[in-house]
Amino acid sequence: MRRMTEKKTEKKNRPHKGAACLLLACLMMAALPGCGKEAADPQEPTTARAPIDKSKTARNLVKKAEEGAVMESSESPKPGDYTTDDVKAEDGEAASMKTIDQMEMKFSSENGLMNIEVNAPVLIPECDAYPILSVRRGSIDDTLLKKVKEALLQDTQLYDGIRLYDPIVEQTLAQGEKPDPAWKIGGQVPYSEITDYPVTPGLRSVKDLSKGYAEVEHFKDYYQSLMPDGELFYGVTDGKDGTYANLAVTNSVRYGSSLKFFKSRDYNVKSGLVLPGFNVYGWPVEQGIGYLYDEKKNPVPPVGVPWEVKETTYPDGEIGYEGDGTVDPDFTGFKTTESTKETNQLTKEEAVRQAEELLQRLGLSEDYAVAAATDEYITDPEHINNAKDAEGKYCYDFTVGRAWHIIFQRSVNGNIVENYGEKYSKREEKKVWFGEVVEVYVNDNGIVGLAISDPLRVDEEVVKDSKLLDLEEIRKIYQNSQLEALNQSPSFDSILSMTREEAKEIEEPEYTFKIDKVILRYVMVSEKNEYERGLLVPVWSFEGTCVTDQGNVHAEGSFLQINAIDGTVFNAELGF
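This structure is a prediction, so every number in the text was calculated from the model and none was measured.

### Considering the overall build of the protein
Then comes step 1: Helices and strands together make up the secondary structure of the protein, namely ten helices and 28 strands.
Then comes step 2: For the protein, with 576 residues in total, the buried portion stands at 55%.
Then comes step 3: Across the protein, contacts joining residues at least 24 apart in sequence account for 73% of those joining residues at least 6 apart.
Then comes step 4: When the accessible surface of the protein is totalled, it reaches about 25,600 Å², and 45% of it is carbon and sulfur.

### Here's the deal with the nonpolar core
Then comes step 1: Of all hydrophobic cores here, the largest spans 62 residues; its most connected members are Tyr478, Phe513, Leu536, Trp540 and Phe542.
Then comes step 2: No other element matches strand S26 (residues 511-525), which puts nine residues into this core.
Then comes step 3: With 34 residues, the next largest nonpolar core counts Leu362, Tyr368, Trp404 and Ile447 among its residues.

### Some words on the packing of aromatic side chains
Then comes step 1: This model, assessed by the stated rule, comprises eleven aromatic pairs.
Then comes step 2: Relative to Trp283, the ring of Tyr281 lies with its centre 6.1 Å away and its plane at 55°, an arrangement referred to as tilted.
Then comes step 3: Relative to Phe513, the ring of Phe492 has its centre 5.3 Å away and its plane inclined at 70°; by these criteria the two rings are edge-to-face. Taken together, the positions of Phe492 in the loop between helix H9 (471-487) and helix H10 (500-505) and Phe513 in strand S26 put the pair 21 residues apart, joining distant regions of the chain. Both residues of the pair, Phe492 and Phe513, belong to the buried class.
Then comes step 4: These aromatic residues form a ring-pair network of at least three members: Phe492, Tyr511, Phe513 and Phe559.
Then comes step 5: Between the NZ or CZ atom of Arg410 and the centre of the ring of Tyr368, over which it lies, the distance is 5.3 Å.

### Here's the deal with the confidence of the model for the protein
Then comes step 1: Confidence in the prediction for the protein averages 79 pLDDT; 74% of positions are at 70 or higher.
Then comes step 2: Ignoring residues within four places in sequence, the model shows residues 1-53, a span with pLDDT below 50, making 168 contacts including any to other chains.

### Focus: the packing of helix H4 (residues 142-153) against helix H8 (residues 348-362)
Then comes step 1: Relative orientation of the contacting elements H4 and H8 amounts to 135°, with a least axis distance of 9 Å. With respect to H8, the axis of H4 lies oblique. At the point where H4 passes H8, the crossing takes the right-handed sense. Here H4 contributes Leu144, Lys147, Val148, Glu150, Ala151 and Leu152 to the contact with H8, which in turn contributes Leu358, Arg361 and Leu362.
Then comes step 2: In terms of residue class, the contact of H4 with H8 is made up of six nonpolar, no polar and three charged.

### Things to note about H4
Because an α-helix completes one turn every 3.6 residues, residues spaced three or four positions apart along the sequence face the same direction.
Then comes step 1: Compared with the 16 Å implied by 1.5 Å per residue over twelve residues, the 16 Å span of H4 between its first and last C-alpha is a close match.
Then comes step 2: Listed in full, the buried residues belonging to H4 are Leu144, Leu145, Val148, Lys149, Ala151, Leu152 and Leu153.
Then comes step 3: Turning to H4, the residues buried within the fold contact strand S6 (158-160), strand S9 (231-236), strand S10 (244-252), strand S11 (256-264), H8 and strand S23 (446-453).
Then comes step 4: Within two residues after H4, Gln154 carries a phi angle of roughly 45°, on the positive side.

### What to know about the pattern of salt bridges
Then comes step 1: In total, this model carries eleven salt bridges according to the counting rule given.
Then comes step 2: For Glu543, the salt bridge goes to Arg521, with nearest N and O atoms at 2.9 Å. In this pair, Glu543 is assigned in strand S27 (residues 533-548) and Arg521 in strand S26, connecting sequence segments 22 residues apart. For the residue pair Glu543 and Arg521, the accessibility class agrees, reading buried in each case.
Then comes step 3: One salt-bridge network, in which partners are shared between bridges, spans Asp160, Arg163 and Glu215.

### Describing the pairing of strand S3 (residues 97-108)
Then comes step 1: Examined bridge by bridge, S3 and strand S4 (residues 114-125) share eleven bridges and lie antiparallel to one another. Within S4, the residue paired with Met105 across the bridge is Val118.
Then comes step 2: Following S3, the chain reverses through five residues before pairing antiparallel with S4; Gly112 in that reversal takes a positive phi of roughly 75°.

### Comments concerning a negative patch on the surface
Then comes step 1: Together, Glu90, Asp91, Glu93, Glu356 and Glu366 make up a negatively charged patch on the protein surface.
Then comes step 2: In this structure, Glu90 sits in the loop between strand S2 (79-80) and S3.
Then comes step 3: Glu90 sits in the exposed class, given a relative accessible area of 55%.

### Here we look at unusual backbone geometry
Residues other than glycine predominantly adopt negative phi, and peptide bonds predominantly adopt the trans conformation.
Then comes step 1: Even without a glycine there, the phi angle at Ser494 is positive, about 60°.
Then comes step 2: Here Ser494 shows up in the loop between H9 and H10.
Then comes step 3: Take Ser494: its relative accessible area is 33%, and that puts it in the partly exposed class.
Then comes step 4: Even without a glycine there, the phi angle at Glu507 is positive, about 60°.
Then comes step 5: Examined against the element boundaries, Glu507 turns out to sit in the loop between H10 and S26.
Then comes step 6: Of the residues examined, Glu507 reaches a relative accessible area of 71% and is grouped as exposed.

### Describing the side chain of Ser466
Then comes step 1: Along the chain, the position of Ser466 falls in the loop between strand S24 (456-463) and strand S25 (468-469).
Then comes step 2: In this view, Ser466 contacts Ala65, Tyr130, Pro131, Ile132 and Ile565; residues no more than four positions away in its chain are not counted.

Definitions and cut-offs
- Residues numbered from 1 in each chain as written.
- Predicted model: local features only at pLDDT ≥ 70, side-chain atom pairs only at ≥ 80, totals over all residues.
- Heavy atoms only, no water.
- Helix = DSSP H or I, 4+ residues; strand = E, 2+ residues; numbered from the N terminus.
- Buried < 20%, exposed > 50% of the residue type's maximum accessible area, 1.4 Å probe, protein only.
- Contact = heavy atoms within 4.5 Å.
- Areas by Shrake-Rupley, 256 points an atom, 1.4 Å probe, with all protein chains shown as cover.
- Core = buried A, V, L, I, M, F, W, Y, C linked by side-chain atoms within 4.5 Å.
- Phe/Tyr/Trp six-rings, centres within 6.5 Å; stacked < 30°, edge-to-face > 60°.
- Lys NZ or Arg CZ within 6 Å of the ring centre and 35° of its normal.
- pLDDT = per-residue confidence, 0-100.
- Axes fitted to C-alpha atoms, helices over the stretch in contact; angles between N-to-C directions.
- Parallel < 35°, antiparallel > 145°, perpendicular 65-115°, else oblique.
- Left-handed = near helix turned anticlockwise from the far one by under 90°.
- Nonpolar A, V, L, I, M, F, W, Y, C, P; charged D, E, K, R; others polar.
- Expected span 1.5 Å × (residues − 1).
- Salt bridge = Lys/Arg side-chain N within 4 Å of Asp/Glu carboxyl O.
- Pairing = 2+ DSSP bridges.
- Patch = residues over 30% accessible without salt bridge, like charges linked within 9 Å, V, L, I, M, F, W, Y side chains within 5 Å.
- Lys, Arg positive; Asp, Glu negative; His and termini not counted.
- Charge placed at Lys NZ, Arg CZ, Asp CG, Glu CD.

Have a look at this one:
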């Protein structure tokens, strides 16, 4: 997955359901700074359709795409020519990549805490043009929901997943233990009773649903609080055939749109809380089964070593449970069991074929192309069990299956549209847009996972073939921008202003960024605080790995994206 993921060093308690969902959603993090944008020009006519009609910035970008950029330098650069005549990708296919150059450079910050090493092929797609498209934010509708239900569950009856206990709650109750009062489990039922609540696939507004869930405490605290403007459907199977499945859709102005399907012969279904993003934790098989909890290799382990948790009585008399900051003395690590039910003997070609056939059935095949297909271990952090090892000491128990993880992303004339991170807006109220992607999991049991996030709607082709900046200009912009971009990001906040002595006092390591790929991709560029519309434009993405001076992987993915048309630095977190 091409996004920057940060190493987490803080040790935490085992997450509750809400924390687990937020943690998984936050894996899609790439917070790099960008250039500011001009406000819309009030003197120009506007329409309700595209940003090109209302935004001075967007019009300038399109002008540069049509005529070529003029940079502030002693020489006007020539536009780059990175196309291959008459090579046009079919709808829904990604173009083949070719190497046009090798970029090499090294530079460091003045304080020596950040070192950049670039030794990377420069890759471009083979195509005949780089168009710019005007797009708007879409949503999941009943038609798509019902197509997914028919394709993946046929006539299987679904039941109301909103009423389910969290798996942790159900495990706690089954063991005869007291639940944490903070869990607020009123109105929920165990999995064994879910058949009392049959449902038919169809989206309903959270507002309309609220009366029917008045006794379900988490509905008010969660859905009505996070997405009062949203739509929702959540159905689960009864598992009587030995397979557990769930199908959920959320549409929200604040949190975007998401459809998720998951089935397993190992896990029962999720609890009644659904967030956008895929709730399965996966990593390449080639990393090894122990990668999940290897803190030296894995930038984002799903849980940390647990603290000793003790019952606490608060001043108001309420009883809760808190970690005291010390590591459980009996903790020995992780116990991993590889599934004998979720196996993966399929070839990559067969898995991709099944995934592509699914998109065809859903009517999505013309819009998306395969961006990656990886044989992965998969597990569900919601079903991490408390267990004992051979010596009787406490540990976490993961059941790990395997599947092909196939990522589809929008294709613009064969160019993949990449999502480098969430986009945020805090004007009036916070909004998060996780970015468009379709993910499919396939193994020996067929399609076991599907996630469709924030689909776009294309309004028009604004520019047929953009004139891109010369590669030498991109190299100069990168060298002048990378350090400051990292310095302004949450992961490396203000590190350039530290001295080595100050860094040592707070145990801040020295970082080396090894860039091993420079690749031309597409992103959606929008105006500040504009979420409903944007332009799909080409950017140069500088990708690799960040390691500390202790040799630990701190982050991996894309560390800078430069607009290939006008040379501005794209802020993946903000979307402009």
